[in-house]
Amino acid sequence: MPLLVHLPSRCILHAAVGTLPARKPLSPRKQRQLERIEAEEGQKRRSESREKVSECFAVLKEITRGEKVVRVGTDEKSTYARS
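Residues numbered from 1 in each chain as written. Predicted model: local features only at pLDDT ≥ 70, side-chain atom pairs only at ≥ 80, totals over all residues. Heavy atoms only, no water.

### Some thoughts on the overall build of the protein chain
Then, number 1: In terms of regular secondary structure, the protein chain is built from two helices and two strands.
Then, number 2: For the protein chain, the α and β elements follow one another from N to C terminus as β-β-α-α.
Then, number 3: Taken against the 2.2 N^0.38 rule, which gives 12 Å for 83 residues, the C-alpha radius of gyration of the protein chain at 17 Å runs more than 25% over that of a compact globule.
Then, number 4: Projected onto its principal axes, the C-alpha coordinates of the protein chain cover approximately 50 × 25 × 25 Å.
Then, number 5: Looking at the 83 residues of the protein chain, the share that counts as buried comes to 13%. (Helix = DSSP H or I, 4+ residues; strand = E, 2+ residues; numbered from the N terminus. Rg over C-alpha atoms; globule rule 2.2 N^0.38 Å. Buried < 20%, exposed > 50% of the residue type's maximum accessible area, 1.4 Å probe, protein only.)

See below:
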């Protein structure tokens with residue numbers, strides 16, 4: 001769940017919530033539960049992580065339109081792209 005937070009005020013500016021696939025390996029009980037849920041939904045859960053992070057950056061771009069410099073912090077997740 002990516003968040004945009006105004007650090008000085010700690011005000012949440014935007015939050016985006018999406019699905020993530022199940023973390024495997026699963027116990028037999030959790031595997032059956034996952035299969036039941038996927039059967040009900042008619043599809044496997046997919047990761048919406050990149051989509052939701054992109055959504056947050058689109059909102060940030062809109063909020064900071066006209067700013068020359070925007071400082072961004074992150075939790076430094078290992079899968080984030082490096083620049």
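### Remarks on the pattern of salt bridges
Then, number 1: In this structure the tally under the stated criterion is five salt bridges.
Then, number 2: Between Glu40 and Arg36 there is a salt bridge, with the nearest N and O atoms lying 3.2 Å from each other. Taken together, the residues Glu40 and Arg36, both in helix 1 (residues 28–41) and four residues apart, mark about one turn of the helix.
Then, number 3: With a relative accessible area of 59%, Glu40 lands in the exposed category.
Then, number 4: Across the pair Glu55 and Lys52 runs a salt bridge whose closest N-O atoms are separated by 3.5 Å. (Salt bridge = Lys/Arg side-chain N within 4 Å of Asp/Glu carboxyl O.)

### Focus on the pairing of strand 1 (residues 3–6)
Then, number 1: Here strand 1 pairs with strand 2 (residues 11–15) via four bridges, running antiparallel. By the bridge assignment, Leu3 is partnered in strand 2 with Ala15. (Pairing = 2+ DSSP bridges.)

### With respect to unusual backbone geometry
Then, number 1: For the bond running from Lys24 to Pro25, omega is 10 degrees, close enough to zero to count as cis.
Then, number 2: Residue placement: Pro25 occurs in the loop between strand 2 and helix 1.
Then, number 3: Positive phi values are uncommon outside glycine, yet Arg10 reaches one of about 60 degrees.
Then, number 4: Position of Arg10 relative to the elements: it lies in the loop between strand 1 and strand 2.

### Thoughts on a nonpolar patch on the surface
Then, number 1: A contiguous nonpolar surface patch, about 510 Å² in accessible area, is contributed by Met1, Leu3, Val5, Ile12 and Val17.
Then, number 2: By the element assignment, Val17 lies in the loop between strand 2 and helix 1.
Then, number 3: When its relative accessible area of 58% is taken as the criterion, Val17 is described as exposed. (Patch = residues over 30% accessible without salt bridge, like charges linked within 9 Å, V, L, I, M, F, W, Y side chains within 5 Å. Areas by Shrake-Rupley, 256 points an atom, 1.4 Å probe, with all protein chains shown as cover.)

### Focus: helix 2 (residues 49–63)
Then, number 1: In this model helix 2 runs 21 Å from its N-terminal to its C-terminal C-alpha over 15 residues, within 8% of the 21 Å that 1.5 Å per residue would give.
Then, number 2: Every buried residue of helix 2 is listed here: Lys52, Cys56 and Leu60. Buried residues of helix 2 fall within an arc of 85 degrees about the axis and therefore sit on the same side. For helix 2, the exposed residues lying more than 90 degrees away from the buried face are Arg50 and Lys61.
Then, number 3: Considering only its buried residues, helix 2 is in contact with strand 1 and strand 2. (Expected span 1.5 Å × (residues − 1). Arc of directions from axis to C-beta. Contact = heavy atoms within 4.5 Å.)

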